[in-house]
Amino acid sequence: MVDEPRRKVRVALLFGGRSGEHAISAATAAGVMKAIDREKYDVLPIGITREGQWVLTAGDPSRFELTTGRLPEVTRESGTELVGLSDVGDVDVVFPVLHGPFGEDGTVQGLLELADVRYVGCGVLASAVAMDKHYMKLVFAGHGLPVGPYVVVQPREWEQRQAEVVARVSDQLKFPVFVKPARAGSSLGVTRVDDLSGLAEAIEEARFHDPKVLVEQGIEGREIECAVLGGRSGAAPRASVPGEIVVDHDSAQFYDFEEKYSSDSHARTQAPADLPADVAEKVRDLAVRAFEAIGGEGISRVDVFVTPDGEAVINEINTMPGFTPISMYPKMWEATGLTYPELIDELIQLALERPTGLR
Ligand SMILES: Nc1ncnc2c1ncn2[C@@H]1O[C@H](COP(=O)(O)OP(=O)(O)O)[C@@H](O)[C@H]1O
Ligand SMILES: [Mg+2]
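Anyway, here's the lowdown on the structure attached to this text. Note that the structure is predicted; figures quoted are calculated from it, not measured. (Residues numbered from 1 in each chain as written. Chains lettered and ligands numbered in written order. Predicted model: local features only at pLDDT ≥ 70, side-chain atom pairs only at ≥ 80, totals over all residues. Heavy atoms only, no water.)

Ordered by their spatial adjacency, four strands build an open sheet running β7-β10-β8-β9, and the pairing between neighbours is antiparallel. Because the sheet does not close on itself, it has two edges, and the strands there are β7 (150–153) and β9 (191–193). Within this sheet the neighbouring strands show an average axis-to-axis angle of 20°, counted without direction. Relative to β9, strand β8 (residues 177–181) runs antiparallel, the two being bridged by three bridges. Paired with F178 across the strands is R192, a residue of β9. The strands touched by helix α6 (residues 162–172) are β7 and β10 (213–217); relative to β7, the strand with the most contacts, the crossing angle is about 170°. (Pairing = 2+ DSSP bridges. Helix = DSSP H or I, 4+ residues; strand = E, 2+ residues; numbered from the N terminus. Axes fitted to C-alpha atoms, helices over the stretch in contact; angles between N-to-C directions. Contact = heavy atoms within 4.5 Å.)

Have a look at this one:
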């Protein structure tokens, strides 16, 4: 008897979406579509428009690449409109390469749990905790992990008692401070503020993205990142070699949206980071502990500041980090010995291994 050829694994790639990081997500999808092993996987590229409409996209994925001067976008014209996932038939696994609110925050994960479809990456709670920089810090601090000083500005408080907020910032924090939306990404709405006079304007700017705002004390240090990958078959999570974001501070204040994505950026990334062995080990250990603190699964990138005296302070954890072929997450795994196509395969296999629900 001849063996039936094994059916390929059907992967729905979800990208675009309702957040400010729509274009970055589309660029990631282009990278994944080009690199994924087509012998093993059938890919259903499902774009989500800025309004939330799902579209089965057609044609060459390269049109979603991040090319100079143009941000890619999913529109209703990108393909055939769908009512939902069930429109495309059986799907073995979903890879939600979505960043920010309505994608990286547990909402899509909740939908997939309800539909009983396996998916790549963190579950509902881990995604939601990591999306909200306020709760993220509470969870880290609750696990004894190092975070910097900060003040939370709740919507009602800012609308009714601005003077109290200003007083709290000047009492509790030293300048410069970083003002940021609680739930955003790609540095959208983040402003460095050097004295009290710029505070209100920066808070208003952040509120444009999220009515809840964080004011953080600026931390002097190198920006070091570490990629975490879930463990296979119940094994412990794995940490990559750390990488570094090197920002030319004469030309750019910090690692803002422009520096992250423009072609004439004053920032460059390096993996592995040039760190003393003990500091690199400390960062890797902290990354795994941060991942476990939020109950992470599959994938996350942990970003830390390494201070001049070699201490590591966590800035944030991203449960769906930038994932284009040149993004830091794949780059750090590349430097650790896992190529981009291997990494995509590994993430999907991890997702297939894990049932939905309380398993
Ligand atoms: N507390 C801080 N101290 C120093 N720099 C900071 C601080 N917070 C943010 N930054 C700078 O702003 C960038 C974006 O902030 P981050 O909190 O990582 O937001 P996002 O989630 O949008 O990436 C960081 O990569 C860093 O360059
Ligand atoms: Mg960041």
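Before going further, it helps to examine the side chain of Q53. Residue position: Q53 is located in the loop between β2 (41–48) and β3 (54–57). Within the structure, the side chain of Q53 is placed 3.5 Å from the side chain of E81, a separation counted as a polar contact. For Q53, the contacting residues outside a window of four places in its chain are G47, I48, R76, E81 and L82. (Polar contact = N/O pair within 3.5 Å; in protein donor to acceptor, adjacent residues only side chain to side chain.)

For the rest of this paragraph, the subject is the layout of surface pockets. If you roll a probe as big as a water molecule over the atoms, it shows you where there is empty space left. A volume near 300 Å³ is recorded for the second largest pocket. Forming the walls of the second largest pocket are 19 residues, and the residues nearest its centre are G230, G231, E297, G298 and L350. Listed by contribution, the elements that provide at least two residues to the lining of the second largest pocket are α9 (277–293) and α11 (340–353). At four residues, the largest contribution of residues to the lining of the second largest pocket is made by α11. Here the residues of the lining of the second largest pocket are counted per class, giving eight nonpolar, seven polar and four charged. (1 Å grid on protein atoms, 1.4 Å probe; cavity = no way out; pocket = protein on both sides within 12 Å on 5 of 7 lines; lining within 4 Å. Points joined across faces, edges and corners; volume = space filled by probe spheres on them. Nonpolar A, V, L, I, M, F, W, Y, C, P; charged D, E, K, R; others polar.)

This paragraph deals with the environment of V117. Turning to its location among the elements, V117 is positioned in the loop between α2 (107–115) and β6 (118–119). For the pair formed by V117 and V94, sequence separation is 23 residues and the distance between their alpha carbons is 7.2 Å. Contacts of V117, omitting those with residues within four sequence positions, involve L85, V91, V94, L112 and T356.

On to the pattern of salt bridges. Going through the model one piece at a time under the given rule, you end up with 25 salt bridges. When the shortest N-O distance is used, the salt bridge between R232 and E346 registers 3.0 Å. Linking R232 in the loop between β11 (222–229) and β12 (238–239) with E346 in helix α11, this pair joins segments that are 114 residues apart in sequence. Among the residues examined, R232 registers a relative accessible area of 31% and is labelled partly exposed. Looking at E346, the relative accessible area reads 13%, which means it is buried. A cluster of three or more residues bridged by salt bridges with shared partners is formed by R232, R238, E346 and E353. (Salt bridge = Lys/Arg side-chain N within 4 Å of Asp/Glu carboxyl O. Buried < 20%, exposed > 50% of the residue type's maximum accessible area, 1.4 Å probe, protein only.)

Now for unusual backbone geometry. Cis geometry is adopted by the peptide bond preceding P176, which originates at F175 and carries an omega value of 0°. Along the chain, the position of P176 falls in the loop between α6 and β8. Positive phi values are uncommon outside glycine, yet S233 reaches one of about 50°. For S233, the location among the structural elements is in the loop between β11 and β12.

What follows covers the nonpolar core. Counting 40 residues, the largest nonpolar core has F95, F323 and I348 as the members making the most contacts within it. Of all the elements in the fold, those that place two or more residues in this core are β1 (9–16), α1 (22–35), β2, β5 (93–96), β11, β13 (243–247), α10 (328–336) and α11. Looking at this core element by element, the count peaks at seven residues for α11. Those residues in contact with F95 that sit more than four places away from it in its chain are V11, A12, L13, L14, V32, V120, M320, F323, I344, L347 and I348. Counting residues in hydrophobic clusters, the runner-up holds 29 residues, among them V129, L145, V304 and V306. (Core = buried A, V, L, I, M, F, W, Y, C linked by side-chain atoms within 4.5 Å.)

As a further point, take helix α7 (residues 199–207). Restricting attention to buried positions, one finds in α7 the residues L199, A202, I203 and A206. Buried residues of α7, viewed axially, fall in a sector of 100°; they line one side. Taken together, the buried residues of α7 touch β7, α5 (155–160), α6, β8, β9 and β10. (Arc of directions from axis to C-beta.)

Right, let's get into the site of ligand 1. Within the structure, ligand 1 sits among 17 residues, and K133, K180, S187, I219 and E223 are positioned closest to it. E223 is positioned with one of its side-chain polar atoms (N or O) 2.5 Å from an oxygen atom of ligand 1. Between an oxygen atom of ligand 1 and a side-chain N or O atom of N315, the distance comes to 3.0 Å. Its free accessible area being 540 Å², ligand 1 has 95% of it covered by the protein chains. (Near = heavy atom within 4 Å. Areas by Shrake-Rupley, 256 points an atom, 1.4 Å probe, with all protein chains shown as cover.)

Let us look at the packing of aromatic side chains. Summed over the entire model, instances satisfying the criterion amount to four aromatic pairs. Between the aromatic rings of F95 and F323, the centroid separation amounts to 5.9 Å while the plane-to-plane angle is 65°, which identifies the pairing as edge-to-face. Of this pair, F95 sits in strand β5 while F323 sits in the loop between β16 (312–318) and α10; the two residues are 228 residues apart in sequence, bridging distant segments of the chain. In this pair, the class of F95 matches that of F323, namely buried. With centroids separated by 6.0 Å and ring planes inclined at 45°, the aromatic side chains of F323 and Y329 adopt a geometry described as tilted. Both residues of the pair, F323 and Y329, belong to the buried class. (Phe/Tyr/Trp six-rings, centres within 6.5 Å; stacked < 30°, edge-to-face > 60°.)

These figures come from the coordinates and say nothing about function on their own.
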